[in-house]
Amino acid sequence: MQTFEETGINPQIIKAVSELGFEKPTPIQELTIPYLLEKKKDLVALAQTGTGKTAAFGLPILNQIDLNSKTTQALILSPTRELCIQISNDIKSYSKYLNNIRIGTVYGGASADKQIAELNKGCQIVVGTPGRVLDLKKRKKLKVNNIRYMVLDEADEMLDMGFKDDLDAILETTPEDKQTLLFSATMPPEISKIAKKYMHDADEISAGEKNVGAENVNHHYYLTKAKDRFKALKRILDSHPNIYSIVFCRTRRDTKEVADKLIENGYNAEALHGDLSQAQRDYVMNRFRVKHLQILVATDVAARGLDVNDLTHVINYNIPEEPKIYIHRSGRTGRAGKTGISVSLIHSRELFRLRDIEKKLGKKITRKSIPSGKEICERQLFNLIDKVEKIEIDNAQIEPFTDVIYKKLSWLSREELINHFVSIEFNRFLSYYKDAPDLNIDENASERNESKRSNKRRDKGDFSRFFINLGSKKKVSPAKLIGLINDQTQMRDINIGRIDILDSFSFFEVESKYEEEILNAFSDCKYKGINVSVELSKEKKSSQNGGTRKRNYSKRKPDKRKRKR
Ligand code: ADP
Ligand code: MG
């Protein structure tokens, strides 16, 4: 399927989406649209943020709504008020040329009266947050007993936000034979649980394992001491004078603190977090949307409803604990064919998280050096000069003043004049960055410290390195090795770290707490006719590595291994 026309969707709907600039279906749309037009089965659809999931369910549902009836036929649940409004606006714009369609939007934090008045007119599609939907259902203002479609959008977020009980109560009175559609960017175990609980024999569709938008995202990290985090943030902001970015923090307190400090330091920044009133949040979000605000400091929850997708950078002031959150965040940049950068500020003890994220992301996160004061000054200077060159000049308006200006500045030479102008903006950077220290830390040094620490602290982040007498000569790849480890241990939840495949042997890392399991599992194992030998390696390569290792392999195969490493 190459075009929307080929899907058989109502030409009036196609006309509206073409006007929105949709030329052809995105991969998830290509999969779900024909599916939903033909089948009546429940469906789990997975695709990363920004891949067009709203239209993926919105278009086929719109196409199948009975416009002659006023009963509610589709209920779309979404975790936040902002997302509800966004989905509702999107569906309204797709149905611009349909007659007699009415879409109701119901969410908390706003008066129910208007929403009820809307519902009373008869809405075939209702988009709502679980809390308000349940409330209106209980008050008999919203009837869900005739719905044919039930969409759980961003279901993982809904669970995170504790809507499970509401969901249960809403679903109670919906028809058995409705089609339940679950859309999510990730498939954490909880989603499989909802799928099992609320859906019957659901099919699963997933478009692109990797974040489609993320193809255009470069991932960088900067290693610095925890106490220098804010200074490092400033340097990154300063070295990108035209940055348009969300800075993600873990807590409301951090968010507030970072935003306050940025504002104090003269940046065009604001905070967005749960402590703000709805009006304050709307105000901040709007300013950011129209780019009056350059930097938004936010928590994940607060930023969730913000439909801004042309960020130049996503900055992780704190690296999230869960890879899926990182993937979510970084999906906010690099959209619509533009490139974006996802930046993480981390200190050495967070390195292991980065590795975890890399694995889930399927991409490398490259280390960048925190720019020095001199580099920043250079960038700022060029940016300023660039602005001077490109500024549009309204000669007619300036004319009346030029005489006075020329006279007043006549004592300055051309060179002096340029220096004066440049210094107006530039002095603040020069003075701030005068004698600025290097904020980078040595990764190796920090890894050494880290392993020292790990010797004492053997927690989840600790990995042990194993030697195995299989290598690429036996056609062993990382995937095969992982398969072998899973098969031998019969455990699928062991975290596997770095894998190094060499010609006739390899190394792999596994969470240290599974050391025994691994050694036992391979105590009697054959692979392609040879006896497999797995032993703990003394080598420490990654930051996760810790613990004292008793054996040293260099005794067993001295020459070869020395040469290889
Ligand atoms: P998701 O729910 O997957 O995060 P959205 O449905 O919010 O993504 O869509 C992200 C953006 O992509 C929106 O701005 C939307 O208008 C746009 N979009 C959706 N489908 C298409 C398409 N087929 N062609 C071009 N743009 C699209
Ligand atoms: Mg969405």
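Just so we're clear, the structure is a prediction, and the values are computed from it rather than from any experiment.

Novice: Honestly, the sheet that holds strand β16 (residues 496-501) in this entry has me stumped. Any pointers?
Specialist: Hydrogen bonds along the backbone pair up the strands of a sheet, which may run parallel or antiparallel. The sheet built from four strands is open, its strands ordered β16-β17-β15-β20 with antiparallel pairing. Edge positions in the sheet fall to β16 and β20 (534-536), since each of these pairs with one other strand and no more. For this sheet, the mean angle separating the axes of adjacent strands, direction not counted, is 25°. Bridge count for strand β15 (residues 463-468) against strand β17 (residues 506-511) is six bridges, and the pairing is antiparallel. By the bridge assignment, F466 is partnered in β17 with F508. Strands β15, β16 and β17 of the sheet are contacted by helix α20 (residues 478-489), whose axis makes an angle of about 130° with β16.

Novice: Quick question: what am I supposed to make of the site of ligand 1 here?
Specialist: Near ligand 1 lie 14 residues; those nearest to it are K24, Q29, G50, K53 and T54. Within the backbone of G52, a nitrogen or oxygen atom sits 3.2 Å from an oxygen atom of ligand 1. In this structure, T54 approaches ligand 1 through a side-chain N or O atom, which is 2.9 Å from an oxygen atom. Taking 560 Å² as the accessible area of ligand 1 by itself, protein coverage stands at 77%. Residues that form the shell around ligand 1 fall into these classes: three nonpolar, nine polar and two charged.

Novice: Would you mind going over the pattern of salt bridges with me for this structure?
Specialist: Pairs can form between side chains of opposite charge whenever their charged atoms are close. Following the criterion strictly, the structure yields 25 salt bridges and no others. With its nearest N and O atoms 3.0 Å apart, the salt bridge here joins D282 to R81. Here the residue D282 occupies a position in helix α12 (residues 278-289), and R81 occupies one in helix α4 (residues 81-94), the gap between them amounting to 201 residues. Taking the relative accessible area as the measure of exposure, D282 reaches 27% and is therefore partly exposed. For the salt bridge of E350 with R229, the shortest nitrogen-to-oxygen distance reads 3.6 Å. Of this pair, E350 sits in the loop between β13 (340-346) and α15 (351-361) while R229 sits in helix α10 (residues 229-238), placing them 121 residues apart in sequence. R229 shares its class with E350; the two are buried.

Scoring rules and cut-offs
- Here the residue index of a chain counts from 1 through its sequence in written order.
- Here chains are named by letter from A upward and ligands by number from 1 upward, in the order in which they appear as written.
- The predicted origin of the model limits local features to residues at a pLDDT of at least 70 and limits the giving and counting of side-chain atom pairs to 80 or more, whereas totals for whole chains, interfaces and linings rest on all residues.
- Side-chain metrics rest on all non-hydrogen atoms present in the structure, leaving aside hydrogens and water.
- Whether two strands pair comes down to DSSP finding at least two bridges between them.
- Put simply, DSSP H or I for four residues or longer makes a helix, DSSP E for two residues or longer makes a strand, and each gets a number counted from the N terminus.
- Axis definition: a line fit to C-alpha positions, over the contact stretch in the case of helices; interaxial angles, taken between N-to-C directions, run 0 to 180 degrees.
- Any two residues having at least one pair of non-hydrogen atoms within 4.5 Å are treated as being in contact.
- To be near a molecule or strand, a residue needs just one of its heavy atoms within 4 Å of it.
- Distance and chemistry together define a polar contact, namely a pair of N or O atoms within 3.5 Å, with one atom able to donate a hydrogen and the other to accept it when in protein, and with adjacent residues in sequence counting only for side-chain atoms on both sides.
- Values of accessible area rely on a 1.4 Å probe in the Shrake-Rupley scheme; residue burial ignores everything except the protein chains shown.
- Note on residue classes: Ala, Val, Leu, Ile, Met, Phe, Trp, Tyr, Cys and Pro are nonpolar, Asp, Glu, Lys and Arg are charged, and everything else, Gly too, is polar.
- Criterion for a salt bridge: a side-chain nitrogen of Lys or Arg within 4 Å of a carboxyl oxygen of Asp or Glu.
- Each residue's exposure class comes from its accessible area (1.4 Å probe, protein chains only) as a fraction of the maximum for that residue type: buried when under 20%, exposed when over 50%, partly exposed otherwise.

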